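Structure assessment
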Amino acid sequence: MYDPLVDNCPGPAQPHARSYWQATTQVDLPTPSAILPERADCIVIGSGYTGLNTALELAQRFDQHVTLVEANRIGWGCSTRNAGFAMPGTGRRGYADWQKYVGDEVTRAIQAEYQRAFEKLEHHLQQCPQQLQVQRGGYLKIAHQPSAVEALHSTYETLKKYEPDTRWLDADATQARIHSPQAHAAIHYPQSFGLNPLLLTASIARQASKAGVTLVENAPVQRWDQVGGAHRLHTGKGRICAPKVIIASNGYTPNHLHPSIHGRSLPVLSSVIVTRPLTADERQAIGVATTELVMDTRTLKYYYRLLPDGRLLFGGRGAIRGKDAQHPRYARHLLQALRGSFPALRQLTSEPADYYWSGWVSVALDDYPRIYSPAEGVYTSMGYCGAGVTFTQIAGQRLAELAMGEELPPLPFYQSPLPRFPLPHFRRLGQWAFYQLARWRSL
Ligand SMILES: Cc1cc2nc3c(=O)[nH]c(=O)nc-3n(C[C@H](O)[C@H](O)[C@H](O)COP(=O)(O)OP(=O)(O)OC[C@H]3O[C@@H](n4cnc5c(N)ncnc54)[C@H](O)[C@@H]3O)c2cc1C
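Owing to the predicted nature of the structure, the values given are computational and were not obtained by experimental measurement.

The rules behind each value
Residues numbered from 1 in each chain as written. Predicted model: local features only at pLDDT ≥ 70, side-chain atom pairs only at ≥ 80, totals over all residues. Heavy atoms only, no water. UniProt positions renumbered as here; feature names shortened; annotations may be inferred. Helix = DSSP H or I, 4+ residues; strand = E, 2+ residues; numbered from the N terminus. Buried < 20%, exposed > 50% of the residue type's maximum accessible area, 1.4 Å probe, protein only. Near = heavy atom within 4 Å. Polar contact = N/O pair within 3.5 Å; in protein donor to acceptor, adjacent residues only side chain to side chain. Areas by Shrake-Rupley, 256 points an atom, 1.4 Å probe, with all protein chains shown as cover. Nonpolar A, V, L, I, M, F, W, Y, C, P; charged D, E, K, R; others polar. 1 Å grid on protein atoms, 1.4 Å probe; cavity = no way out; pocket = protein on both sides within 12 Å on 5 of 7 lines; lining within 4 Å. Points joined across faces, edges and corners; volume = space filled by probe spheres on them. Pairing = 2+ DSSP bridges. Phe/Tyr/Trp six-rings, centres within 6.5 Å; stacked < 30°, edge-to-face > 60°. Lys NZ or Arg CZ within 6 Å of the ring centre and 35° of its normal. Disulfide = S-S within 2.5 Å. Axes fitted to C-alpha atoms, helices over the stretch in contact; angles between N-to-C directions.

Let us look at the UniProt feature "domain: FAD dependent oxidoreductase" (unreviewed entry) in the chain. Per the UniProt annotation, the sites labelled "domain: FAD dependent oxidoreductase" (unreviewed entry) are residues 41–402. Within residues 41–402, the helical portion is 32% and the strand portion 27%, while the C-alpha atoms at the span's ends are 14 Å from each other.

Shown next as structure tokens:
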């Protein structure tokens, strides 16, 4: 599998991940352009939610000639591989952290920004004939062991100031919904919902195409230089020049795409299995309804949801290196974790899962993304730390505004560059040590 810290670029013509979404979704994607234009006002690199939303905003609201170049097919990266949890927020910082670092007023402004992201997501849902196959019912953050309850409750005490609709579920109330030995209490976030990520990608791509964005597939950016005041990108489909370039390649960004962002993100593999459809007895035994999205309190979190056809999607961290991503032991590891959550699924977890796939998420050193200009005429948004389904909807708007010289709201995401990792060559070693420690702590 492509590895951003090893390979020059992720394409062209790589097949889509063999995901449940790709196998089961009837999807209507716009026809890409066969030809790469020589010039554009703005070039967007990457056709996930970030790139598509940015391109849409630049074309629709700012009347720009936009060409979006994608290394493979539209939505090849995380945006068609994720678990489809639409949750408030991004990164790994919760409201308690934000309150401590930036105070109450800014934390409220952050919450309002998350709400804007939800509004944009609802708009994309309305533009999709299948309504993104939404499953509404909220998201449960569960304490996976008794010792995690107190910290989760303290999170809830701060959270309810900013999200008053959230509810605390004690052990009995949690067990009534999730029959698992690893569910000791929970916070319920009612606004969250599950969706089909591939349909979301297609919905935004259709809108971008309709707004005049030129979408070019199988055009990986392989080299980048300057001619006069313009940027010139060398892609698998030829060269293109523009005064402005948006880097929306996120966790898939090749290590040496542009020197200004080198060493500022850690690409981390996130992996998912999808089981066969559960039997009626299995469903009754675990209690999980198709309306629940569940994530636990581990440092290396596990998350799961029951899909509309009764299969269980279960995800967590995967391998460290791309070349190991497809090794069966990582799918087995997720099956074992699923069995730990639901011993009643012993039979199901002794069989290989029907689907297993992985994708690269971008982790920021200080746990939250940035939208900023790392060099003259270059703009980027990255570092969502695996939580981008909702936030990328507003990130695209903010990135377009930044590129067009507008002032962004005074929020931490928009105020500073992504910090550089110390000794970036050793990011993987640091990640390995972190994984060992986190697994040992969460046993
Ligand atoms: C298994 C998994 C589960 C997840 N589950 C959730 C979830 O439930 N909820 C949630 O909020 N988030 C989740 N995420 C994270 C979420 O999917 C991402 O945050 C989001 O999709 C990022 O979108 P993006 O557009 O920024 O990047 P991507 O969708 O990754 O798009 C980047 C694109 O850039 C392209 N690219 C890279 N380099 C080049 C180049 N040199 N030239 C041209 N193109 C290039 C790539 O081909 C890729 O298509 C999950 C991620 C994974 C992998």
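Mapped onto the fold, Gly 228 is located in the loop between β10 (221–227) and β11 (230–235). We classify Gly 228 as exposed; its relative accessible area is 74%. Along the sequence, Gly 228 and Pro 243 sit 15 residues apart, while their C-alpha atoms lie 9.5 Å from each other.

This next bit is on the site of the ligand. Around the ligand lies a shell of 37 residues, among which Thr 50, Glu 70, Ser 79, Val 221 and Val 389 are the nearest. In this structure, a nitrogen atom belonging to the ligand sits 3.1 Å away from a main-chain N or O atom of Ala 71. Separating an oxygen atom of the ligand from a side-chain N or O atom of Ser 79 is a distance of 2.6 Å. The fraction of the free accessible surface of the ligand (1000 Å²) that becomes covered by protein chains is 98%. Elements with a minimum of two residues in the shell around the ligand: α2 (49–60), β14 (266–277) and β18 (355–363). Broken down by class, the residue content of the shell around the ligand amounts to 21 nonpolar, 14 polar and two charged.

Our next topic: the layout of surface pockets. Approximately 530 Å³ is the volume attributed to the second largest pocket. Forming the walls of the second largest pocket are 25 residues, and the residues nearest its centre are Ala 17, Arg 18, Gln 326, Tyr 356 and Trp 357. Elements that contribute at least two residues to the lining of the second largest pocket include exactly α1 (20–24), α8 (328–341) and β18. For the lining of the second largest pocket, the class distribution of residues is 15 nonpolar, six polar and four charged.

The next point concerns the pairing of strand β17 (residues 311–317). Most of β17 is tucked away: seven of the seven residues are buried. Relative to β17, β14 runs antiparallel, the two being bridged by six bridges. Bridging from a neighbouring strand, Val 274 pairs with Leu 313 of β17. By the bridge criterion, four bridges tie strand β16 (residues 303–306) to β17 in an arrangement that is antiparallel. Bridge pairing in β17 places Tyr 303 opposite Gly 315. Where β16 folds back on β17, the antiparallel hairpin that results is connected by four residues, among which Gly 310 adopts a positive phi of roughly 85°.

Take the sheet that holds strand β3 (residues 85–86) next. A sheet is described by the order of its strands in space; here three strands give the open sequence β3-β8-β4, paired in antiparallel fashion. With partners counted over all chains shown, the strands left at the sheet margins are β3 and β4 (135–136), one partner each. Across two bridges, β3 lies against strand β8 (residues 193–194) in antiparallel orientation. When the bridges of β8 are listed, Ala 86 appears paired with Phe 193.

We now examine the packing of aromatic side chains. Here the structure, examined in full by the defined rule, presents 21 aromatic pairs. Ring geometry for Tyr 95 versus Tyr 114: centroids 6.2 Å apart, planes at 50°, classification tilted. With relative accessibility at 9%, the residue Tyr 95 sits in the buried group. Residue Tyr 114 is classed as buried on the basis of its relative accessible area, which comes to 4%. Ring pairs connect the aromatic residues Tyr 95, Trp 98, Tyr 114, Tyr 162, Tyr 368, Tyr 384, Phe 391, Phe 413 and Tyr 414, which therefore count as one cluster. The lysine or arginine in question, Arg 93, covers the ring of Trp 98, its NZ or CZ lying 5.1 Å from the ring centre.

As a further point, take the state of the cysteines. What the rule picks out here adds up to zero disulfides. Between Cys 78, a cysteine without a disulfide, and Cys 385, which holds the nearest cysteine sulfur, the sulfur-to-sulfur distance is 12 Å. Looking at the unpaired Cys 241, the closest cysteine sulfur is the one in Cys 42, lying at 14 Å.

This part covers the sheet that holds strand β12 (residues 238–242). Reading across from one edge, β10-β11-β12 is the order of the three strands in this open sheet, with antiparallel pairing throughout. Each edge of the open sheet carries a strand with a single partner, namely β10 and β12. With direction set aside, neighbouring strand axes in the sheet form an average angle of 20°. The sheet contact formed by β11 and β12 spans five bridges and is antiparallel. Across the sheet, the residue bridging to His 231 is Ala 242, located in β12.

Within the structure shown, the criterion is met by three cavities of 30 Å³ or more. Roughly 120 Å³ of internal volume is contained in the largest cavity. Contributing to the lining of the largest cavity are 14 residues, with Thr 253, Pro 254, Asn 255, Ser 265 and Arg 427 lying nearest its centre. Class assignment for the residues of the lining of the largest cavity results in five nonpolar, seven polar and two charged. Reported here for the second largest cavity is a volume of approximately 50 Å³. Around the second largest cavity, the lining residues are Ile 142, Ser 180, Gln 182, Asp 296, Arg 298, Tyr 302, Tyr 303, Tyr 304 and Ser 341. When grouped by side-chain class, the residues that make up the lining of the second largest cavity number four nonpolar, three polar and two charged.

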